[in-house]
Amino acid sequence: MMLVSVLLEILRRPTIGDVLAELMMFMAPLWIAVVVGVLVGWTWKPKWANLGRELLDCSSVPRNSSPAPPAASSSTVAAPSSVSASIPCLNSLKLQLPSCISWIGDDGIDKSLMAPTGDSDCSPSQLKAENSVVVAEDDLEHLCQLVEVKDGGPAWIQMMDRSTPTMTYKAWRRDPDTGPPQYRTSTIFEDATPELVRDFFWDDSFRLKWDDMLIYAATLEECPTTGTMLVHWVRKFPFFCSDREYVIGRRIWESGRSYYCVTKGVPCSTLPRRNKPRRVDLYYSSWCIRAVESKRGDGQLTACEVLLFHHEDMGIPWEIAKLGVRQGMWGAVKKVDPGLRAYQKERGSGAALSRYAFMAQINTKVSADYLRSLESTSNDSSEVETFGSSEKPMGRNIPKLLVVGGAIALACSLDRGLLTKAVIFGVARSFARIGRRL
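Let us look at the structure shown here. (Residues numbered from 1 in each chain as written. Predicted model: local features only at pLDDT ≥ 70, side-chain atom pairs only at ≥ 80, totals over all residues. Heavy atoms only, no water.)

1. Points about the nonpolar core
Right, so step 1: Judged by nonpolar contacts, the single largest core of 51 residues is most densely connected at Phe189, Val197, Phe200, Phe201, Trp233, Ile289 and Met329.
Right, so step 2: The next biggest cluster of nonpolar side chains, apart from the first, holds 26 residues, and it includes Leu146, Val147, Trp172 and Leu371. (Core = buried A, V, L, I, M, F, W, Y, C linked by side-chain atoms within 4.5 Å. Buried < 20%, exposed > 50% of the residue type's maximum accessible area, 1.4 Å probe, protein only.)

Right, here's the structure in full:
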């Protein structure tokens, strides 16, 4: 009760400045204690500290952890250990696309690039996940319905609208009844072709140069017939969270100059789980890449739109994840455009394709009629909302951001035990509601 009375006394200060000053002085010792505790925990940890974790994880995590990621090669790339280290060059082997006769059947699908059967180039054991195809036609159908806002989900609420001279960015979010928050973004790059943008987002070897969260990427399996890939990622999270590991299945469908790119987390029994990095099982990040008119208004389709749909369960409370995404989204997005321009320049210089870019050009071709038939399978429509008058002023939420920000660092430092994190965030949210009444 004493803690609550002290906080209430602080929140009764006459001005926001006084409240902030008092909160900073009140929280400073707590922050110091948290930092010291984290540092002590990293430098000294008794053996019994992991006993409870091992008992809890014994049913899902193999006792023998997998070896460290292998060294970089043409299909395996890793980020340098320091900023000053040199980045590996792209594969110098010049690759040519396989030649084949393409024909489209009555159902609108390119038969020459369908999933292999019998004695095709992909063996029956390749690119399978628990007896099912890694990325199938159902995934294309779901992506098409998302693109046309016909998936029947909740309404999309706009949360951002930013632009630079060469890029326009908009973002929406929605909260389904079950599962993590879902995000929809539209990014328009000026003076870029859909084919270049497709290769750019598929090229993990070049992604390591501009995406500072990706520290390791490797190809586990690939199918030269459909272009389907099974890749292994390790992404770096802030210092108070452990790194995250992803096993991703991905494939591209092509319709004219529009590309439907599906990437999602898939099970992989051949890659054992480890305590660190922590495996992310629920992951979905798919996009539609298409040519659009430039904002210069000249009527020319010289710009490229990337319509992205993303959600994942990173193992932290979703309310904390939403706040982190909202605060860090634009800072992360701004790094994409310089990366694309660097990739554009490198490809323009005649640099050889990497293996990833080569696989990005092996697509399953479908007709526009077939895509329309997929969209029409669902009669449920969603809504896309824009900024409205209900937007809350940022200034009045400053105390809330301070309190919730402290909860983020503390909850992520624990990295395990979602119940504990939820309790911490619930207490912080209660104090934040008091602050909103100022």
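Additional details are given in the paragraphs that follow.
2. Quick word on the packing of helix H5 (residues 194-202) against helix H8 (residues 336-348)
Right, so step 1: Between H5 and H8, whose axes approach to 10 Å, the crossing angle comes to 110°. The orientation of H5 with respect to H8, classified from their angle, is roughly perpendicular. Contacts between H5 and H8 involve Leu196, Val197, Asp199, Phe200 and Phe201 from the first element and Val336, Gly339, Leu340, Tyr343, Gln344 and Arg347 from the second.
Right, so step 2: Residues of the contact of H5 with H8, tallied by class, amount to 7 nonpolar, 2 polar and 2 charged. (Axes fitted to C-alpha atoms, helices over the stretch in contact; angles between N-to-C directions. Helix = DSSP H or I, 4+ residues; strand = E, 2+ residues; numbered from the N terminus. Parallel < 35°, antiparallel > 145°, perpendicular 65-115°, else oblique. Contact = heavy atoms within 4.5 Å. Nonpolar A, V, L, I, M, F, W, Y, C, P; charged D, E, K, R; others polar.)

3. A short note on the layout of surface pockets
Right, so step 1: Size it by volume and the largest pocket reaches roughly 1500 Å³.
Right, so step 2: Forming the walls of the largest pocket are 50 residues, and the residues nearest its centre are Met213, Arg235, His310, Glu312 and Ala332.
Right, so step 3: Considering each element in turn, the lining of the largest pocket owes the most residues, 11 residues, to helix H7 (residues 318-333).
Right, so step 4: Grouping the constituent residues of the lining of the largest pocket by class yields 32 nonpolar, 9 polar and 9 charged. (1 Å grid on protein atoms, 1.4 Å probe; cavity = no way out; pocket = protein on both sides within 12 Å on 5 of 7 lines; lining within 4 Å. Points joined across faces, edges and corners; volume = space filled by probe spheres on them.)

4. Re the side chain of Asp199
Right, so step 1: By the element assignment, Asp199 lies in helix H5.
Right, so step 2: Dropping the residues within four chain positions of it, Asp199 is found in contact with Tyr343, Arg347, Ala357, Ala360 and Gln361.

5. Topic: the packing of helix H4 (residues 137-147) against helix H10 (residues 368-375)
Right, so step 1: Orientation of H4 relative to H10, taken along the N-to-C sense of each, is 80°, at an axis distance of 8 Å. As judged from the angle between their axes, H4 and H10 are roughly perpendicular. Judged by residue contacts, Glu137, Leu140, Glu141, Cys144 and Gln145 of H4 engage Tyr370, Leu371, Leu374 and Glu375 from H10.
Right, so step 2: Its residues assigned to classes, the contact of H4 with H10 shows 5 nonpolar, 1 polar and 3 charged.

6. What about unusual backbone geometry?
Right, so step 1: The peptide bond linking Lys276 to Pro277 adopts the cis configuration, its omega dihedral lying at -5°.
Right, so step 2: Tracing the sequence through the fold places Pro277 in the loop between strand E10 (258-265) and strand E11 (278-279).

7. Considerations on H7
Right, so step 1: The largest bend in H7 comes to about 40°, at Gln327.
Right, so step 2: Buried residues of H7: Ile320, Ala321, Lys322, Leu323, Met329, Trp330 and Val333, and no others. (Bend = angle between axes of the 7 residues up to and from the residue.)

8. What to know about the pattern of salt bridges
Right, so step 1: One pass over the full model with this rule turns up 22 salt bridges.
Right, so step 2: Between Asp151 and Arg174 there is a salt bridge; the shortest N-O distance is 2.5 Å. Separated by 23 residues along the polypeptide, Asp151 in the loop between H4 and strand E4 (156-164) and Arg174 in strand E5 (residues 167-174) bring together distant segments of the chain.
Right, so step 3: Residue Asp151 is classed as buried on the basis of its relative accessible area of 18%.
Right, so step 4: What emerges from the salt-bridge pattern is a single network uniting Arg173, Asp175, Glu319 and Lys322. (Salt bridge = Lys/Arg side-chain N within 4 Å of Asp/Glu carboxyl O.)

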